[in-house]
Amino acid sequence: MSPIGLSLLMLAACAGFAVLAWRKLAIVAALRPEPRFDHPGQRWRDVLVEGLLQRRMVTREWRAGLMHAVIFLGFCSLLLRKLQLIAIGYVETAAFPPAFGGPFAAFKDGVELAVVAAVLYAFWRRFVLRPSRLEPNGEAVLVLSLILGIMVTDFTFDGFRFALLADAHPGIADERDHAFVGSAIAAAFGVLNPAQLRFGAGLSYALQMLLVFSFLVWLPAGEHFHIVTALPALYFRRGRPANRVPAVDIDKLMNATEESEMQAGAATARDLTWKEGLDVFTCTECGRCKDACPAHLSGKPLSLKFVNDRLKHHLLEQRAAIVAGSGDLPPLVGEVIAPETLWACTSCGYCEAACPIELEHLDKFFRMRQHQVMIAGEFPHELKKVFEAWEVQGNAWGLDAGTRGDWARGLEGPRLKIVRSAADLEGLDYLFYVGSAASFDPRGQKIARAFATVMNAAGLRMGMLGADEGSTGECARRLGNEMLFQQLATSLVERLNGVGAKRIVTCDPHALNTLRNEYGDFGGHYEVVHHSQVIAELLREGRVQVRRELQRVVFHDPCYLGRHNGEFDAPRAIVARLVADQPLEFPLHREKAMCCGAGGGRMWLEETQGRRMNELRVEQALPLSPSLIATACPYCAVMMADGLAAAGSQAQARDIAELVADALEPN
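The structure presented is a predicted model; accordingly, all values stated were derived computationally and were not measured. (Residues numbered from 1 in each chain as written. Predicted model: local features only at pLDDT ≥ 70, side-chain atom pairs only at ≥ 80, totals over all residues. Heavy atoms only, no water.)

Some thoughts on the overall build of the protein chain
Now for step 1: Helices and strands together make up the secondary structure of the protein chain, namely 32 helices and 11 strands.
Now for step 2: By its C-alpha atoms, the protein chain is 100 × 65 × 45 Å across when sized along the principal axes.
Now for step 3: Within the span of the protein chain, comprising 667 residues, buried residues form 56% of the whole.
Now for step 4: For the protein chain, the proportion of contacts with a sequence separation of at least 24, taken over those separated by at least 6, is 80%.
Now for step 5: As presented, the protein chain carries roughly 27300 Å² of accessible surface, and 58% of it is formed by carbon and sulfur atoms.
Now for step 6: Taken as two groups, the 69 positive and 74 negative side-chain charges of the protein chain have centres that lie 3 Å from each other. (Helix = DSSP H or I, 4+ residues; strand = E, 2+ residues; numbered from the N terminus. Buried < 20%, exposed > 50% of the residue type's maximum accessible area, 1.4 Å probe, protein only. Contact = heavy atoms within 4.5 Å. Areas by Shrake-Rupley, 256 points an atom, 1.4 Å probe, with all protein chains shown as cover. Lys, Arg positive; Asp, Glu negative; His and termini not counted. Charge placed at Lys NZ, Arg CZ, Asp CG, Glu CD.)

What follows is the structure in C-alpha cells.
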C-alpha cells in the first residue's frame, strides 16, 4: 500500500469513526445533566482494577472472563504494533531500536497467539457450548472474525517481511530472531523469490490495514462501541451498590404552577440522564445480567440486555428531537418499555452486580415507576389499596397502627422496653426497629419474638418505639410512590431523632438498607446493623450457647442484606454453629443468589406471567434434599414457606433468629 493510499485510508476511517461516534455521543450530551466528578481517586482506581485488569469480568465467570480479558488486553498492548505498522507504510524498513525491537517482537507474537486462542474459544463457546444467554449475534461473529483476521495477517506480514528484508537490515533481523511465530513463517516462505515475497508482504499489509481501519469504523456503529465507552462509563459509575432510589424534589413538584413543571421521574427519553444514555450505548449485551435475574428466570418479560437494546434504538430513532431539545417524544413506558417489563423488576440488584463494567440499570426503572405512579397514575391495580393502607395506617397490611407493638406482649420488661423519650433509651444497647412485616405479619412476629428471646439470653437490653414506630416506606419508594415514601420517612426520622436513636438493630434487610443508606438525606444518621450480625457476634463471643442438632440446612441470601449491603458471612456463621453436618448452598448463592420475588414492592403484586419466583427459588434447593431453608428476612421467610408448600415439600423455612432461639443452651 502506497503512503498516499494509507493516508487516505486513515483519513476516511477516522472521519467515519468520528461521524458515527458523534451520532451517539451527541445524544448523550443532550440528555439531563448529572454530577459525576466526585472521588476522582477512587474512580481512577476502579478504571484500573475493574476496567484495565478486568477483575469483575474474570472473577465472576473465569473462562469467559479470561477469554475477554485476553482479547481486550491484547488489543491494548498491540496498539504500539499498529503504530509501527503505520510507520512501515511510509518507510518500508522502519524498525524499533534493537534493545526494544527484539523483546517487543517476542512479546507481540505471544500476545497475538493468546488472542487467537481466545477468539477460537469464543467461536467454540458461541457455536458449540452455546450458553443460553448468548443469542445468535451476527455482529459478534463479524467482530471476532475481524480480530482473527488482524492477528493472522500480522503473522503472515511478519513472515513475508522477515524473509524479504531481514538479511539486509539489522533492526528487522533482530525482530526476526525474537519473533518466534514470524520467524517460523519466514522460514517457510524462504522458498519464494523476491517478487513473490514483495507481493505477499504488500498484500498481507494491505489486508491488515483494511481490517484494522474497518474495525475502527465499525466500532461506533454497533454494540462493540463499548470498547470505546466502557472505561468512561466505569469512571463515571455511581460508585455505590444499587441500594438508593433517585429522589424527587417533592416541594418543587407541589409548587408547580404549569403542567410542564409537574415532572417526576422519567417520562420520555429526554428525562434520562447523560450517564443513563451512556450506559445504554455501552451495554455489551453479554447477557450476564440474566443469569440470576428472578424475573427473567421465571419467564417474566424482563431482560436488562433487551431493555438497553430497546432504549438504544429508541434514542437513535429520536436523535433529532433529543439533540435539538424540542419536539414531542413518545412515552418510555408503553412505547419503548412494556408496563409488564417495568413492574416485573424486584430491584434485587443482580443485574448491576453481574455487569462487568458496573452499568446502572435500576435507576431508570425506579424513575419510570415514579412517573407512572405520581404523574401518569398508571400502575398495577392492586397497588391502589396498598398505597391507601400506607397513607391511613402506615403499613401495607392496612392494620390498626396502634397495634404495631402488640407482637411483644409478654416480652416487655427491663430487657425490652417501650421508648418514648431520650431518657428511656439511656442505658439500652440497641433500639430495635421492628418494621411492618415483623409487627403485623404473623410469620414476621415470630421472628421478632425469637430475636428478642436471643437478645434477652445474651443479657442485652433493647428498646422499641411500639405504636409510635412507623414504616420506613421502603416498598412505597421502590414502587414509585416517592411522595408517600418521603412522608413516611420524614415522620419516622422525626420519631427516631426525637428519642436520640443512634444504634439501631433490625431483622428486616429492607429496613436496614433504607435506614442506613437513604435516611441520611432526611436528617436520619444512624448506626444500623442486622440481627444476623448481632447474633453472629454473640455466638462468636460465647455470650449465647446453642446446640448443634440441625442437619441438611441451606441458607437463602436476602438480596438487601447480601448484594445491597455486602453481608454474606454473618448468617452463614450462625448456621454453621447450629448444624451437626455441613451447611448446604443453593446453586445460586451469595453474590449470585436469586431473589425470593418479594423485593422492589413485588410482595404486593400478583405474578400473572411465567412461574412464581419463590417456587422457582425453592425448586433450586430441592435437589439438595434440605430439611430446612434458613432465611434472614421476614419477607424471604414468607416466600420460602409458600414455595415449599407449593412444592409439597416437608422441609421448613425459618429465620436464623428462630433457629438460634430454639437451640439456646442455658448459661
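Once you've had a look at it, read on.
Some points on unusual backbone geometry
Now for step 1: Positive phi, normally seen in glycine, also occurs at His 39, with a value near 50 degrees.
Now for step 2: With respect to the secondary-structure elements, His 39 resides in the loop between α1 (3-30) and α2 (40-52).
Now for step 3: Residue His 39 is classed as exposed on the basis of its relative accessible area of 58%.
Now for step 4: At Arg 552, a residue that is not glycine, the phi angle is positive and equals roughly 50 degrees.
Now for step 5: Tracing the backbone shows Arg 552 in the loop between β6 (545-546) and β7 (553-555).

Considering the packing of helix α7 (residues 138-165) against helix α8 (residues 170-178)
Now for step 1: Interhelical geometry of α7 versus α8 gives an angle of 130 degrees and a closest axis separation of 9 Å. On the basis of the axis angle, α7 is oblique to α8. Between α7 and α8 the crossing geometry is left-handed. Packed against α7, whose contacting residues are Arg 161, Phe 162 and Leu 165, the element α8 presents Ile 172, Glu 175 and Arg 176 at the interface.
Now for step 2: In terms of residue class, the contact of α7 with α8 is built from 3 nonpolar, no polar and 3 charged. (Axes fitted to C-alpha atoms, helices over the stretch in contact; angles between N-to-C directions. Parallel < 35°, antiparallel > 145°, perpendicular 65-115°, else oblique. Left-handed = near helix turned anticlockwise from the far one by under 90°. Nonpolar A, V, L, I, M, F, W, Y, C, P; charged D, E, K, R; others polar.)

Concerning the sheet that holds strand β9 (residues 628-631)
Now for step 1: Spatially, β8-β7-β9-β10 is the arrangement adopted by the 4 strands of the open sheet, whose pairing is parallel. Of all the strands in the sheet, the pair left with one neighbour each is β8 (584-585) and β10 (652-655).
Now for step 2: The pairing of β7 with β8 spans 2 bridges and is classified as parallel. Bridge pairing in β8 links Phe 555 to Glu 585. (Pairing = 2+ DSSP bridges.)

Observations concerning the packing of aromatic side chains
Now for step 1: Under the defined criterion, the tally for this structure stands at 19 aromatic pairs.
Now for step 2: With centroids separated by 4.9 Å and ring planes inclined at 85 degrees, the aromatic side chains of Trp 397 and Trp 604 adopt a geometry described as edge-to-face. Here Trp 604 lies in the loop between β8 and α30 (613-621) and Trp 397 lies in the loop between α21 (382-393) and β1 (416-418), a separation of 207 residues in the sequence.
Now for step 3: A relative accessible area of 25% places Trp 397 in the partly exposed class.
Now for step 4: We classify Trp 604 as buried; its relative accessible area is 16%.
Now for step 5: Aromatic side chains Trp 407 and Phe 432 sit 5.9 Å apart centroid to centroid with 85 degrees between the ring planes, which places their arrangement in the edge-to-face category. (Phe/Tyr/Trp six-rings, centres within 6.5 Å; stacked < 30°, edge-to-face > 60°.)

Quick look at the packing of helix α24 (residues 442-457) against helix α31 (residues 634-647)
Now for step 1: Direction vectors running N to C along α24 and α31 enclose 125 degrees, while the axes themselves pass 9 Å from each other. As the angle between them shows, α24 and α31 are arranged oblique. Note on packing geometry: the crossing formed by α24 with α31 is right-handed. On α31, the residues that touch Arg 443, Gly 444 and Ile 447 of α24 are Pro 634, Ala 637 and Val 638.

A few points about the side chain of Thr 273
Now for step 1: For Thr 273, the location among the structural elements is in the loop between α12 (250-254) and α13 (274-282).
Now for step 2: Those residues in contact with Thr 273 that sit more than four places away from it in its chain are Leu 31, Arg 32, Glu 34 and Arg 367.

Focus on the environment of Phe 96
Now for step 1: Within the element layout of this structure, Phe 96 appears in the loop between α5 (79-90) and α6 (98-129).
Now for step 2: When sequence neighbours within four positions are dropped, the list of residues in contact with Phe 96 reads Leu 80, Gln 84, Gly 101, Phe 104 and Glu 175.

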